[in-house]
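Listed here are the chains, written in short residue letters.
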Amino acid sequence: MRILPLLFLTGLTLGLQGCASYPPTPKLDHYNLDKGYRYDNLSDQKNSESLFVILTFSGGGTRAAALSYGVLEKLRNTAIIWEGKRSNLLSEVDIISSVSGGSFTAGYYTAFGDGIFKDKNEAGFQRDFLYRDIEGELFTQLFYPTNWFRLASPYYSRIDMATDFYDTEIFKGTQYSDLVKRKTKPYLMVNATDMSLGSRFTFEQAQFDPICADLGGVALARAVAASSDFPIAFPPMTLDNYGGSCGYNQQQPGWIAAAEKDLLINPSRYKNATLFKTYQDSKQRPFIHLLDGGIADNLGLRGLLQALVSNDTELNIPVKMSAGVIKKLLIITVDAKNQPDLNYDTTAVAPSVIDVLKIVANVPMDNFSFETTEILRKTFTELEKDKNTFLACQKQLQQHCPSAVLSTPAPKIPQLDFVYIGFDLLSNAAERNKFFNMATSFSLPESQINELRNVAKRLLDESVTFKKFVKATQ
């Protein structure tokens, strides 16, 4: 008789191992450009596209989440008058693109709106995430017997366990279909990295179309978990690929076929097309594995850069600019990057394997982020240059003007402003180092979280570009 409980426990364990799996990716029966989580399917009456505001939130654990949260607080408290209506600048945010730690703030605000600003004593973001030891609680999850059984399965891993925790404790079961039903802005772009390609993988229906998957049935927590799936700490997240089963191959966007001929003319466009094509072959890639979005783009800015200069994305920003729909465009990038650690160079002893892995993971991301912001600045400069060249020719009564300028209509380039928020803007070296040295884990002391919230507001107050932008809307 004593062996019966043991046999029962053994049978239960094996049964749970067999059942435990990552959630199946919902299948898309028919590709339909008019359905799903897409920017054009949002119709927020409180938000005017003529004042187009984009936020990008970087990775960096709770440090990034708190810095981003401070920016949201500042924008909520910034009064504006636009097209005769009084509101605040936060209500005019059209898009939030996020990575890793910043995705928690971006996702929560998109799902719950102003509910994100509830006091930490109430049920909300402050209590559920910001002032919570998420890292410690995730570690505790490893000691739950039910998780022992589930984690014994090769198809259920710590990233799936973390997803379940985020879904229950933070995002309250919110799915992308809920965001579609709300139809309100901002449009959320949660960014992860395709492990095999090393490229961005954004949780939006346009990215799910080639794999014939329905983003609507995906939990928001799953997107955020993928975005913050830091290598070594978590194994890659798995998505099912049904590419070739929903008609996307026959109706794919026209730019893909055109871009395949652009290798020498537009190499970056050609590369984007070839990457997209890999998703359409589910026989070659029946599964997609995702890692932290910071590996491909730690600022969440690369996809928006493409959208600013190309009509290949569904955002169609160049079309909106040329049609005069967008009159002012503001991008605020929140960067909680690390400072290079030079202490390794004070000794001849080689760094440990763990230290090397940390450097390999973080330093290239920070360097790539710097280059990304520089590309954005140059893009804005070039757009302004095209506009100013035409206007200068007009003032000179078309004398000494390039024929190419005279033969084209006046470019309707809106006012373009870029605001960068990062610790390197702090003038005081001691204060700058204090913020750089704060941990990028998912647990910070309350005092540090408060400091991060406050420094975000202060950096916006000190930004000349931000002050000019706000003044022009009051």
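The structure under discussion appears in the preceding block.
Residues numbered from 1 in each chain as written. Predicted model: local features only at pLDDT ≥ 70, side-chain atom pairs only at ≥ 80, totals over all residues. Heavy atoms only, no water.

1. Considerations on helix α21 (residues 464-471)
Within the sequence span of α21, burial applies to Phe466, Phe469 and Val470. Taken down its axis, α21 places every buried residue within 95 degrees of arc, on the same side. Residues of α21 that are exposed and point more than 90 degrees away from the buried face comprise Val464, Lys468 and Lys471. Where the residues of α21 are buried, they touch β1 (51-57), α2 (61-76), β2 (79-82), β9 (328-335), β10 (415-422) and α20 (446-462). (Buried < 20%, exposed > 50% of the residue type's maximum accessible area, 1.4 Å probe, protein only. Helix = DSSP H or I, 4+ residues; strand = E, 2+ residues; numbered from the N terminus. Arc of directions from axis to C-beta. Contact = heavy atoms within 4.5 Å.)

2. Description of the packing of aromatic side chains
Evaluated as defined, the whole model comprises 26 aromatic pairs. Each ring, one from Phe104 and one from Phe442, has its centre 5.2 Å from the other, and the planes form 65 degrees; the classification is edge-to-face. Note that Phe104 is positioned in helix α3 (residues 101-112) and Phe442 in the loop between α19 (429-436) and α20, a separation of 338 residues in sequence. Take Phe104: its relative accessible area is 0%, and that puts it in the buried class. (Phe/Tyr/Trp six-rings, centres within 6.5 Å; stacked < 30°, edge-to-face > 60°.)

3. Examining the pattern of salt bridges
In total, this model carries 22 salt bridges according to the counting rule given. Linking Glu73 and Arg453 is a salt bridge whose minimum nitrogen-to-oxygen distance equals 2.5 Å. Of this pair, Glu73 sits in helix α2 while Arg453 sits in helix α20, and the two are 380 residues apart along the sequence. Both residues of the pair, Glu73 and Arg453, count as buried. Asp128 is the salt-bridge partner of Arg127, the closest N and O atoms lying 3.6 Å from each other. Looking at Arg127, the relative accessible area reads 40%, which means it is partly exposed. For Asp128, a relative accessible area of 3% translates into the label buried. (Salt bridge = Lys/Arg side-chain N within 4 Å of Asp/Glu carboxyl O.)

4. Details of the pairing of strand β7 (residues 237-240)
On a regular strand, one side chain projects to one face of the sheet and the next to the other, so that they alternate. Judged by which residues are buried, β7 turns out to be covered on both faces: Met237 and Leu239 on one side and Thr238 and Asp240 on the other are all buried. Direction of pairing for β7 relative to strand β8 (residues 287-292): antiparallel, over a ladder of 4 bridges. Residue Met237 lies in a different strand from β8, and its bridge partner there is Leu290. (Pairing = 2+ DSSP bridges.)

5. Things to note about the side chain of Thr110
By the element assignment, Thr110 lies in helix α3. A relative accessible area of 5% means that Thr110 is categorised as buried. With residues near it in sequence (within four places) discarded, Thr110 still touches Tyr37, Leu179, Arg182, Pro186 and Leu188.

6. Side note on unusual backbone geometry
Put simply, Lys185 and Pro186 share a cis peptide bond, and its omega is 15 degrees. Inspection of the secondary structure assignment puts Pro186 in the loop between α8 (176-182) and β5 (187-194). The backbone of Asn316 sits at a positive phi, close to 55 degrees, despite the residue not being glycine. Of the residues examined, Asn316 reaches a relative accessible area of 24% and is grouped as partly exposed.

7. Overview of the packing of α19 against α20
Relative orientation of the contacting elements α19 and α20 amounts to 125 degrees, with a least axis distance of 12 Å. In terms of orientation, α19 lies oblique with respect to α20. Between α19 and α20 the crossing geometry is left-handed. Contacts between α19 and α20 involve Glu431, Lys434 and Phe435 from the first element and Glu451, Leu452, Val455 and Arg458 from the second. Residues belonging to the contact of α19 with α20 are distributed by class as follows: 3 nonpolar, no polar and 4 charged. (Axes fitted to C-alpha atoms, helices over the stretch in contact; angles between N-to-C directions. Parallel < 35°, antiparallel > 145°, perpendicular 65-115°, else oblique. Left-handed = near helix turned anticlockwise from the far one by under 90°. Nonpolar A, V, L, I, M, F, W, Y, C, P; charged D, E, K, R; others polar.)

8. What to know about α19
When α19 is considered as a whole, its buried residues turn out to be Glu431, Phe435 and Phe436. In an axial view of α19, the angular spread of the buried residues amounts to 135 degrees, which keeps them on one side of the axis. Considering only its buried residues, α19 is in contact with α2 and α20. The residue sitting at the N-terminus of α19 and contributing the capping side-chain oxygen is Asn428; that oxygen lies 3.0 Å from the backbone nitrogen of Ala430. (Polar contact = N/O pair within 3.5 Å; in protein donor to acceptor, adjacent residues only side chain to side chain.)

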